[in-house]
Structure formats: structure tokens, C-alpha cells
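Structural overview
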Amino acid sequence: MRKSKTRCIGILTSGGDCPGLNAAIRGVAKAAITGYGMQVIGILDGFRGLIESRTIPLDDRAVSGILTYGGTILGTSRDKPHKMPMGGRVMDMTATAVENARHLGMDCLVCLGGGGTQKNALHLREAGLNILTLPKTIDNDVAGTDVSFGFDTAMNTATEAVDRLHSTATSHNRLIVCEVMGHNAGWLALGAGLAGGADVILIPEIPYELAAVAEHLFERRRSGKRFSIICVAEGALSDKEAKAARKEAEKAKKHGKGLKPKDAAVEVPGRGGDYDEDRLVLVQEPMASRLARELQRLTGTEARLTSLGHVQRGGSPTPTDRMLCTRLGTKAAELLAEGVYNVMVAVRGEQCVPVPLEKIAGKKKTVPLDHPWIAAARLVGTCLGDRL
Ligand code: F6P
């Protein structure tokens, strides 16, 4: 057994689930227990479980056999310690979270989550807890890391869907719009679209011009291609929508409201967390359905919509994600043993490295416009919705 400065840790999973959470829990816990003799406490249902002191002991047996399972054995929630719905009221439960962690004897709280989780973890750090985090999200938008776990599996799932849509689209001579997750970042749509050979890929980072998309689809038809697949991120906006959204965001900012810039009228309560921290989401007819309808009208070609939804968050992690989770988890245990706290374990090239939590919390990693995936998509003739 190696020496360890940390004797007891708590682990929680927070935000939307994704494949690889169990592999990461296992990686941290096995290395912490067998490598360094730490005690490991599993906290149920994210930050809510910490506030309600709902825990389970995580010994070697409890984390054995979970490497390949989807979801999280600990359960998750999007609840934030400082804005916790409690009996019909939203309360700041930060002090309770800190008190409970101390009462349970934790030297450090390990939080597995996406962007929202990193923010909540920093909040608890500022309230006095030692924290260590791992980057998780199918959206791949956690700042400070090359990649987040869960992304590879979701990209595989979405790519398989794009593959399957090809055969039915060609049989029927149709346009098929395939909507994938990603409110703010287009990594998943771009990755699955590129890997699956989508003809059009629309992402939030590049506002699309409807007419440019329609022209591209016409051109394909003229050249004898019977079908087209349009892979679209759920947060993609047309140039007009993007302009209106910017205006609305400015207006909201002026009036001191942090409203998410969506151009519609129905408020969806209870959303929030990793993809839309601290904001309200306003929706109207789902964007992808509007897009399919408009493209059918403009091209005269029959269009269908497939929304992949939560299918992308399910299933067993790919070997790449299992490896990533095991590397990140074991590195986390190594850092904990050295007494390194208040960092996120990030992927940088071949290495897993600690990055200060305050440097990445509250930031998002969107697709840079000069990213090689964008260049490659353009070079193979994929329409990205703009005119270059
Ligand atoms: O975890 C992020 C994310 O996958 C987004 O891309 C998606 O819109 C969201 O989760 C949906 O999550 P839920 O339905 O759990 O709120």
C-alpha cells in the first residue's frame, strides 16, 4: 500500500448522466482503495444526496463489475447546492453541504460532471471544502480539457444513427434531418456528421443561412444524388435566429436578467445544469422540426426528422471512454494521495493533468472555427450552412 495524504473521499455524479460514469467511479475508487488505502463514500443523486446525507459505502466489491455499465450507480441530479428546491422553496444549502461533508469525515469531495458541476464544485470549494473534479459530458464542452468522457460513446451512437439513416433516405429519395444533442457546442453534431458522412452539418458556432443549405441540397440533387442527410445540433440557429437571439440577450442583460437567448414564448421550468446553468430555456416549435419543414418547402423534396435525444446518453461506454475514465480516475486517486486538491483532472494529449478549478469553472469549450474537423468537413464538400 502506498502512502496517502488523503484518508477519506466522497464521490458524487452530477448533471446529465453519460456512458463512462461508472467506469470513472470504479477508476477513482479502486485506485483509492487498493492503491492508497483510502476510505470511499458514495454520495447518492448528486449534490442533493450530500445535502440530505444519503450515502453508501464504496468498497472494492461495490465498484467491481461496473466498468461496462451505462448510467451511474450513484444516481445523479441537476440540483445545485446554493439553489436547491426543498419542499416547494429554493434554498441555499451550501452550509449544510459543507457541514455534512465534514461530518462524514471527507478530506476531499470528488465531483464527476460537466460544466455546471464544475461551477457548483468551485462554489463548494469557496465555501471551504477540498474538491477534485473529472470532466464528463457527451457535449464535450468542458473547458480546459482536450476531451470529456462520455463524448466518444455518444459520438459512436450518433454516427451509427447517421449511417442507418443513409439507407432509408436513399430508398425514399428523401431529406432526413438528424438532430443530435448539443445546446451550446457542436462537437457531437460535427463529429457524428463527419464520421457518418452527413451532407450538411449545422452547429451552434456557425449560424446557418437557410437558402445556402437549400441550394446545397438542390445541387446534390442536380448531380444525381437521391438523398441528403442533415446532421444538426439541437442548439444550431439560423443567421436570423442568431441575430434575434443576440438582441434578446442584450436586452435581457440591460434589464439584469440572464435569459437564455431563445426567441420564443414558453418557459420550461426545472431545466438547467450542465447545458444551461442559471438560465431559463425558452422554446417554441423544436428547431429541427422547423428546419425539416422549411427545407421540404424550399427544395420540394420530402423531408423527415429523427431526434436522437437521450438515446445518446445511454448504453455501455466504448473502449476509448473506458480507457479514458480509468486513466482519469486513477490519476485522480494519485493526486488525492499527494494531497492535490481544488483541481479538475484534464486530458492534455497523452497525459492526464491537474488544472486549477477556478481557471475552468464557468467557461465552455465550443468548436473553434479554425478547428481541423471544420476544415476537413469543408474539404470533403460538406455544407456547414454558411457561404464561404
Ligand atoms: O448533458 C448535456 C445534455 O446532454 C445536453 O446536450 C442536452 O440538451 C441535455 O443534456 C438534456 O438533458 P436533460 O434532459 O437530462 O435535462
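Residues numbered from 1 in each chain as written. Predicted model: local features only at pLDDT ≥ 70, side-chain atom pairs only at ≥ 80, totals over all residues. Heavy atoms only, no water.

1. Section: the sheet that holds strand β10 (residues 228–233)
Pairing in this open sheet of four strands is parallel, and the strands run β9-β10-β8-β13 from one edge to the other. Edge positions in the sheet fall to β9 (200–202) and β13 (303–307), since each has one partner strand and no second. Sheet twist, expressed as the mean angle between neighbouring strand axes with direction ignored, is 15 degrees. Bridge count between strand β8 (residues 175–180) and β10: six bridges; the pairing is parallel. (Pairing = 2+ DSSP bridges. Helix = DSSP H or I, 4+ residues; strand = E, 2+ residues; numbered from the N terminus. Axes fitted to C-alpha atoms, helices over the stretch in contact; angles between N-to-C directions.)

2. So, the environment of lysine 363
Note on placement: lysine 363 falls in the loop between α11 (357–360) and α12 (372–379). Sequence spacing of lysine 363 and leucine 175 is 188 residues, and the spatial spacing of their C-alpha atoms is 36 Å. Every residue in contact with lysine 363, bar those within four places of it in the chain, is listed here: Asp141 and Ala143. Among the polar contacts listed, one links the side chain of lysine 363 to the backbone oxygen of lysine 359, at a separation of 2.7 Å. (Contact = heavy atoms within 4.5 Å. Polar contact = N/O pair within 3.5 Å; in protein donor to acceptor, adjacent residues only side chain to side chain.)

3. Side note on the side chain of aspartate 79
Relative to the elements of secondary structure, aspartate 79 occurs in the loop between β3 (55–57) and β4 (84–86). Note on aspartate 79: relative accessible area 16%, which makes it buried. A polar atom in the side chain of aspartate 79 sits 2.7 Å from the side chain of arginine 48. Non-local contacts of aspartate 79, meaning those with residues more than four positions away in its chain, are made with Phe47, Arg48, Met84, Pro85 and Asn120. (Buried < 20%, exposed > 50% of the residue type's maximum accessible area, 1.4 Å probe, protein only.)

4. Re the site of the ligand
Near the ligand lie 11 residues; those nearest to it are Arg78, His183, Glu234, His310 and Arg313. Arginine 78 has a polar side-chain atom sitting 2.9 Å from an oxygen atom of the ligand. One nitrogen or oxygen atom from the side chain of aspartate 139 is found 2.9 Å from an oxygen atom belonging to the ligand. In the complex, 87% of the free accessible area of the ligand, which totals 400 Å², lies under the protein chains. (Near = heavy atom within 4 Å. Areas by Shrake-Rupley, 256 points an atom, 1.4 Å probe, with all protein chains shown as cover.)

5. Side note on the nonpolar core
Formed by 70 residues in total, the largest nonpolar core has its most connected members in Ile9, Ile11, Leu112, Leu132, Leu134 and Phe149. The element contributing the most residues to this core is helix α1 (residues 21–36), with 10 residues. If you look at the next biggest cluster of nonpolar residues, it comprises 28 residues, including Leu50, Ala97, Ile131 and Ala346. (Core = buried A, V, L, I, M, F, W, Y, C linked by side-chain atoms within 4.5 Å.)

6. A few points about the packing of aromatic side chains
Inspection of the entire model under this criterion finds two aromatic pairs. A centroid spacing of 6.4 Å and a plane angle of 20 degrees characterise the contact between phenylalanine 151 and tryptophan 373, whose relative ring orientation is stacked. Note that phenylalanine 151 is positioned in helix α5 (residues 151–172) and tryptophan 373 in helix α12, a separation of 222 residues in sequence. Centre to centre, the rings of tryptophan 187 and tryptophan 373 are 5.8 Å apart; their planes meet at 85 degrees, and the pair counts as edge-to-face. Here tryptophan 373 lies in helix α12 and tryptophan 187 lies in helix α6 (residues 187–196), a separation of 186 residues in the sequence. By relative accessible area, which is 6% here, tryptophan 187 ends up buried. These aromatic residues form a ring-pair network of at least three members: Phe151, Trp187 and Trp373. Of note, arginine 220 hangs over the ring of phenylalanine 227, and the distance from its end group to the ring centre comes to 5.3 Å. (Phe/Tyr/Trp six-rings, centres within 6.5 Å; stacked < 30°, edge-to-face > 60°. Lys NZ or Arg CZ within 6 Å of the ring centre and 35° of its normal.)

7. Side note on the pairing of strand β6 (residues 108–113)
Among the six residues in β6, six count as buried, and that is most of the element. Taking every second residue as pointing to the same face, both faces of β6 are buried, with Cys108, Val110 and Leu112 on one and Leu109, Cys111 and Gly113 on the other. The pairing of strand β1 (residues 8–13) with β6 spans five bridges and is parallel. By the bridge assignment for β6, glycine 10 is matched with leucine 109. In the sheet, β6 pairs with strand β7 (residues 131–135) via five bridges, with the strands oriented parallel.

8. Quick notes on the sheet that holds β3
In spatial order, the strands read β3-β2-β1-β6-β7-β14-β15; together these seven strands make up an open sheet with mixed pairing. With partners counted over all chains shown, the strands left at the sheet margins are β3 and β15 (351–356), one partner each. Across the sheet, the mean angle from the axis of one strand to that of its neighbour is 30 degrees, orientation sign disregarded. Relative to strand β14 (residues 343–348), β7 runs parallel, the two being bridged by two bridges. Directly across from threonine 133, in β14, lies its bridge partner methionine 344. In this fold helix α4 (residues 115–126) packs onto β6, β7 and β14, with an angle of close to 175 degrees to the strand it touches most, β7.

9. As for empty space enclosed by the protein
Across all of its chains, the model carries two cavities of 30 Å³ or more by this definition. Forming the boundary of the largest cavity are Leu175, Leu217, Phe218, Arg220, Arg221, Lys225, Arg226, Phe227, Ser228, Thr299 and Thr301. Sorting elements by how many residues they give to the lining of the largest cavity places helix α7 (residues 210–222) first, with four residues. Here the lining of the largest cavity is built from residues that sort into four nonpolar, three polar and four charged. (1 Å grid on protein atoms, 1.4 Å probe; cavity = no way out; pocket = protein on both sides within 12 Å on 5 of 7 lines; lining within 4 Å. Points joined across faces, edges and corners; volume = space filled by probe spheres on them. Nonpolar A, V, L, I, M, F, W, Y, C, P; charged D, E, K, R; others polar.)

10. Structural notes on the side chain of threonine 153
Assignment of secondary structure puts threonine 153 in helix α5. Overall, the relative accessible area of 3% leaves threonine 153 in the buried class. Apart from the residues lying within four places of it in its own chain, the contact partners of threonine 153 are Pro19, Ser316, Pro317, Thr318 and Asp321.

11. Brief notes about the confidence of the model for the chain
Of the residues in the chain, 93% reach a pLDDT of 70 or more, and the chain-wide mean stands at 93. Counted against residues more than four places away or in other chains, residues 260–273, with its pLDDT under 50, gives 35 contacts. Confidence drops under pLDDT 50 across residues 275–280; counting only partners more than four residues distant or on other chains, this segment forms 21 contacts. (pLDDT = per-residue confidence, 0-100.)

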